Amino acid sequence: MKASTIKDKKSLNKILVFIFWISIWQLTHIVVGRDIYVPSPLQVITTLGQMIFSNVFWRTIAYSIFRVVAGLSISILLGLIVGIISALNDYVYDIINPFMTILKSTPVLSFIIIALIWFTSSNVPIFICFLMCFPIIWTNVVAGVRNVDHKLIEMSKVYRIKKLIILRRIYLPTIVPYLLAACITCLGLGWKVSVAAEVLSHPQNAIGSHLYSAKVYLDSSMLFAWTFVVIILSMLFEGIFKRFTTKRNMKEYSKINS
Amino acid sequence: MELKIKSLHKSYGKQKVISGLNMDFSSEGIHCLFGPSGCGKTTLVNILAGVIPYDSGDIQGFNNKSFSYIFQEERLLPWATVEKNIKFVLESYNHKGDIDSIVDNYLSLVDLEEFKNYYPKELSGGMKQRVSIARALAYDGDILIMDEPFKGLHLNMKKTLMDYIIDYWHRKKGLFILITHDADEALCMANYIHVLEGPPLTLKKEIVIDEPPGKARSGIDKIQKYREMLEDKITE
Ligand SMILES: Nc1ncnc2c1ncn2[C@@H]1O[C@H](COP(=O)(O)OP(=O)(O)OP(=O)(O)O)[C@@H](O)[C@H]1O
Ligand SMILES: [Mg+2]
């Protein structure tokens, strides 16, 4: 009983916070007094409502999701492999590390512009998403491997465990928490940078291309509506990811108790 | 079979833990390393098992052997169940089929069958120690190293395991190394007791016990004499 009332209170709080910020938005709209600067919440919701019922909307979303997922998957896969290798081998680390430092501190736009020259428009966002997320995954994987319990490694050497099994049963479980943390960061970042890349490369089906035309036609409520879509998608991704990863942990736990 | 250590040196920074040690493990049997805390026993067996490097000296006969090693700490994989922890050391070389029965055998020896699917963090200290013992015995290496294997164990379990290891030695022969602070354990199990001091680790005395290991020994006069020798060492 008590738990459920606390839960009710929490969701009530959330609704109140939501209403508070929508009111602030509406107030700003009234104070500013020009739709082009700050469209009203109602306008944005109407625009969103119209968008949802068109095929173009869903196709656009599907393609953008595909690009983000592709960019993230490549970063995670390569980040994991290159990360493990560079953490285990000092020479590889010394070669890769400056490259990662450069990647981390170069402005995204420089990369987008050069990518526009190298790739077809649809692939630019994938490449940019990869460039931004790969160093984060790599850094965390390296930190994970370096944090491995050396006593366990010694133990497996005494018992002459095969290298691949050591990798799978000791290194991977050690890396997992580091990797998950990096993935959560990358989910948010991935959406931001690939949409930014889409704005500049405008592929045929892309959220960024719609943002670009909103700019061209000075259609602020369109801009807000698409931005809203990006935020929702990014949150959805993070939510699904968290649910998926904690569910796995839960499974492990239920196995213990059975 | 030659199993020898000649003028072995090992330092940690400025501290000389082992300095010019000579020892002979060639005679088959249970060799007990008996000495005060911090004298360098773990360091020595770690060198023998190839876990840590040594600075100089000569070690003969150990490098092509496989080891079952009960470490001073449990060294279990925290994310793997008791069963998986034991399988971990078996799956590199054993065939799939008999692994399950090997695991079950040794879990029942240490009385942990019901805890097969538990994770280390859900076990008590002594239970974790038993998993570590089961893992070493299941692996069945050429040389068995035990670093204070019975700490945290209840009397009955300790007796069971001591009997088992003595019996195991009779079946297997070869070299077993037992590190302990407990004179009773040493006198019950060992064929050779190396009384050590340090650091740096030095051999104070070697006691050879001709009687077959086991409980029957405790009544024998000679054993009482050896006990006094060991206990003198302790109070010294
Ligand atoms: N990794 C290390 N780095 C620095 N010094 C160490 C290290 N391991 C051990 N020593 C030192 O070496 C000496 C011997 O340690 P060792 O663990 O071999 O003792 P031990 O005889 O096994 O003692 P105990 O019976 O308490 O387990 C100690 O003085 C310790 O301080
Ligand atoms: Mg020790």
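Above: the structure in question.
Each value, and the rule that gives it
The residue count restarts for each chain, going from 1 along the sequence in the order it is written. Written order determines the labels here, with chains lettered from A and ligands numbered from 1. Reporting of local features is limited, given that this is a predicted model, to residues whose pLDDT is at least 70; pairs of side-chain atoms are given and counted only at 80 or more, and all residues count toward the totals for whole chains, interfaces and linings. Only hydrogens and water are set aside when side-chain values are computed; all heavy atoms of the structure are taken into account. Here a helix means four or more residues in a row that DSSP labels H or I, a strand means two or more in a row labelled E, and each is numbered from the N terminus. With C-alpha atoms as the basis for the radius of gyration, the globule rule is written as 2.2 Å multiplied by the number of residues raised to the power 0.38. Relative accessibility decides the category of a residue: with a 1.4 Å probe and only protein chains considered, values under 20% of the type maximum give buried, values over 50% give exposed, and everything between is partly exposed. By the convention used here, residues are in contact when the closest approach between their heavy atoms is within 4.5 Å. Here the accessible surface of atoms and residues is derived via Shrake-Rupley with a 1.4 Å probe, and residues count as covered only by protein chains that are part of the display. A positive count includes Lys and Arg, and a negative count includes Asp and Glu. His and the chain ends are not counted in either. The atoms used to mark charge sites are NZ of Lys, CZ of Arg, CG of Asp and CD of Glu. Only when DSSP finds a minimum of two bridges between them are two strands counted as paired. Lines fitted to the C-alpha atoms define the axes, with helices restricted to the stretch that makes contact. Angles between their N-to-C directions range from 0 to 180 degrees. A helix's residues, less one, multiplied by 1.5 Å, set its expected span. Summarising the geometry, the arc corresponds to the directions from the helix axis toward the C-beta atoms.

Undergrad: In this structure, what is going on with the overall build of chain B? I would like to understand it.
TA: Helix and strand content of chain B: seven helices and nine strands. Computed over C-alpha atoms, the radius of gyration of chain B comes to 18 Å, within 12% of the 18 Å expected from 2.2 N^0.38 for 236 residues, which places it in the range of a compact globule. Considering only C-alpha atoms, chain B reaches an extent of 45 × 45 × 35 Å along its principal axes. Here chain B holds 236 residues, and 53% of them are scored as buried. Contacts in chain B between residues far apart in sequence, at least 24 positions, make up 67% of those at least 6 positions apart. Of the roughly 10500 Å² that chain B leaves accessible, carbon and sulfur atoms contribute 48%. Measuring between centres, the 30 positive side-chain charges of chain B sit 3 Å from its 34 negative side-chain charges.

Undergrad: Got a minute to help me understand the sheet that holds strand S9 (residues 202-208) of chain B in this structure?
TA: Whether parallel or antiparallel, the strands of a sheet pair through hydrogen bonds between backbone atoms. Residue and element names in this part refer to chain B. What the six strands build is an open sheet, ordered S5-S6-S7-S3-S8-S9; its pairing is mixed. Both edges of this open sheet fall to strand S5 (67-70) and S9, since each of them pairs with a single strand only. In this sheet, neighbouring strand axes are inclined to one another by 15° on average, regardless of whether the strands run parallel or antiparallel. Sheet topology note: the strand S6 (residues 143-147)/strand S7 (residues 175-180) ladder contains four bridges and is parallel. For Ile145, the partnering residue across the bridge sits in S7 and is Ile177. Against the sheet, helix H4 (residues 125-139) makes contact with S5 and S6, and its axis sits at roughly 170° relative to S5, the strand it touches most. In the packing of helix H5 (residues 155-172) onto the sheet, the strands contacted are strand S3 (29-34), S6 and S7, and the crossing angle to S7 comes to about 160°.

Undergrad: Help me out: how do you make sense of helix H2 (residues 41-52) of chain A in this one?
TA: In an α-helix, one turn spans 3.6 residues; hence positions three or four apart end up facing the same way. Residues and elements named next belong to chain A. Helix length check: H2, at twelve residues, gives a terminal C-alpha distance of 16 Å against a target of 16 Å (1.5 Å per residue), a fit within 8%. Along H2, the residues that are buried comprise Pro41, Val44, Thr47, Leu48 and Met51. An end-on view of H2 places all buried positions within 130° of arc, on one side of the element. Exposed positions of H2 whose direction lies more than 90 degrees from the buried face are Leu42, Ile45 and Gln50.

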